[in-house]
Each structure stands twice: as structure tokens, then as C-alpha cells.
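Chain by chain, the residues run as shown.
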Amino acid sequence: RAVGIFNFIVIVACCVCQCPSFPCPYSLELTGPAPGESHLTRFLSGEQCLHYSKTVGSDSSDAWMMGALFQSFGMMKTGGLSEGTFQDVVHCLVFASCLVQRILVERWHQDLREHFERRKALLDFRAQWYAEKLATSRQVQLSMWDTKRQVLLNKLSRVTQQLNTLRSIWDG
């Protein structure tokens, strides 16, 4: 979630940086309507900022400080939107793919969770049922063995008693 939010903030910041209301690292002297009237401005379009940075160079007052600050954040003005670089296209594609992935994961996350919870409940039910049936069958099997043992012991007892009777008759 944090990566998607960060990507969205970066795309918005890159778009805002291209607006003329975002300052350019270079100041431009604008002349007023009256002779000798002029003032400095840093609010230039992307094309003007690029053109002025190429013509003036880096010796302009504090442009090197603002330029370094903007470059450290990756926020330099570029040309028009029609002149987008390959890097801008890659950034937009990464953002779009992250956004699509986030939408897909969010949309079907609950369905997937419900599916796995149903499977877990079914497996728990089957495990409990199997344990109960196994315990019951073992109980029946043990009782059958006990019954067989008792029957065999009774037969052995009767045969032994019969043999003792026959021996007593032969002995006399």
C-alpha cells in the first residue's frame, strides 16, 4: 500500500513540477510597461525554464542552489508534454502497472480470503469427522477383539473341563 501511495505522490509531484506555478531554478528578468521598470520571476513554463537554463548557464545568482535542491528530489522542469522522454514514459508505465495491480489485488482480495476460509472450514470439518470415525472404528475393533478373546477363553475352558472329565473317567 505504501508503494502505491508513494508512486501516486511522485507522479503528482512530477506533474506539478511542470506547471508554470512551480518555480524554476533560474530567475528571469521581466521588463514592465514603463521604461526602466523590471522585476524578477522564477515562475516559468517548462520550455522557458529549459531555454533560459541553456542560455544563462549555471553562473546565475542562486540558481545552482535551487537547481541542486530540485535535482536531488528529481524535480527538474522538462520540455512540453509532447516532448516526453523515454524515462517519463517508463515512469508512467510503472505507475500504471502498480495502480492496476493494486486495483486487482484490492478487488479480489476479499473473494480470495473467503474462498480460503471456506476451504479451511471444510478441511477442519473433514479432519474432525475423520478423527471421530477413526476413534469409533478403533473402539468397535477393540470390542470385537475382546469378544473373540472371551469366546475363545470360554471354549478353551469348556474343552479343558471336558478333557478333565474324560481323564477322570480313564483314571478311574
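Analysis parameters
Residues numbered from 1 in each chain as written. Predicted model: local features only at pLDDT ≥ 70, side-chain atom pairs only at ≥ 80, totals over all residues. Heavy atoms only, no water. Helix = DSSP H or I, 4+ residues; strand = E, 2+ residues; numbered from the N terminus. Buried < 20%, exposed > 50% of the residue type's maximum accessible area, 1.4 Å probe, protein only. Contact = heavy atoms within 4.5 Å. Areas by Shrake-Rupley, 256 points an atom, 1.4 Å probe, with all protein chains shown as cover. Salt bridge = Lys/Arg side-chain N within 4 Å of Asp/Glu carboxyl O. Patch = residues over 30% accessible without salt bridge, like charges linked within 9 Å, V, L, I, M, F, W, Y side chains within 5 Å. pLDDT = per-residue confidence, 0-100.

Each helix and strand counted, the chain has 4 helices and 2 strands in total. The 172 residues of the chain split such that 15% are buried. Taking all contacts inside the chain whose residues are at least 6 apart in sequence as the whole, residues at least 24 apart take part in 62%. Total accessible area on the chain is roughly 14,100 Å²; 64% of this is exposed by carbon and sulfur atoms.

Scanning the model with the defined rule gives 1 salt bridge in all. When the shortest N-O distance is used, the salt bridge between Lys 120 and Asp 124 registers 3.1 Å. On the criterion of helical spacing, the pair formed by Lys 120 and Asp 124 is a turn pair, its members being 4 residues apart in helix H4 (residues 86–171). On the basis of relative accessibility, which here comes to 53%, the residue Lys 120 falls in the exposed class.

Taken together, Leu 122, Phe 125, Trp 129, Tyr 130 and Leu 134 make up a surface patch of nonpolar side chains, about 550 Å² in accessible area. Judged by relative accessible area, Leu 122 falls into the partly exposed class, the value being 40%.

Moving on to the confidence of the model for the chain. Within the chain, residue pLDDT values average 75, and 55% of them lie at 70 or more. Of all helices and strands in the chain, the one with the weakest mean pLDDT is helix H3 (residues 63–73) (52), whereas H4 scores best (89).

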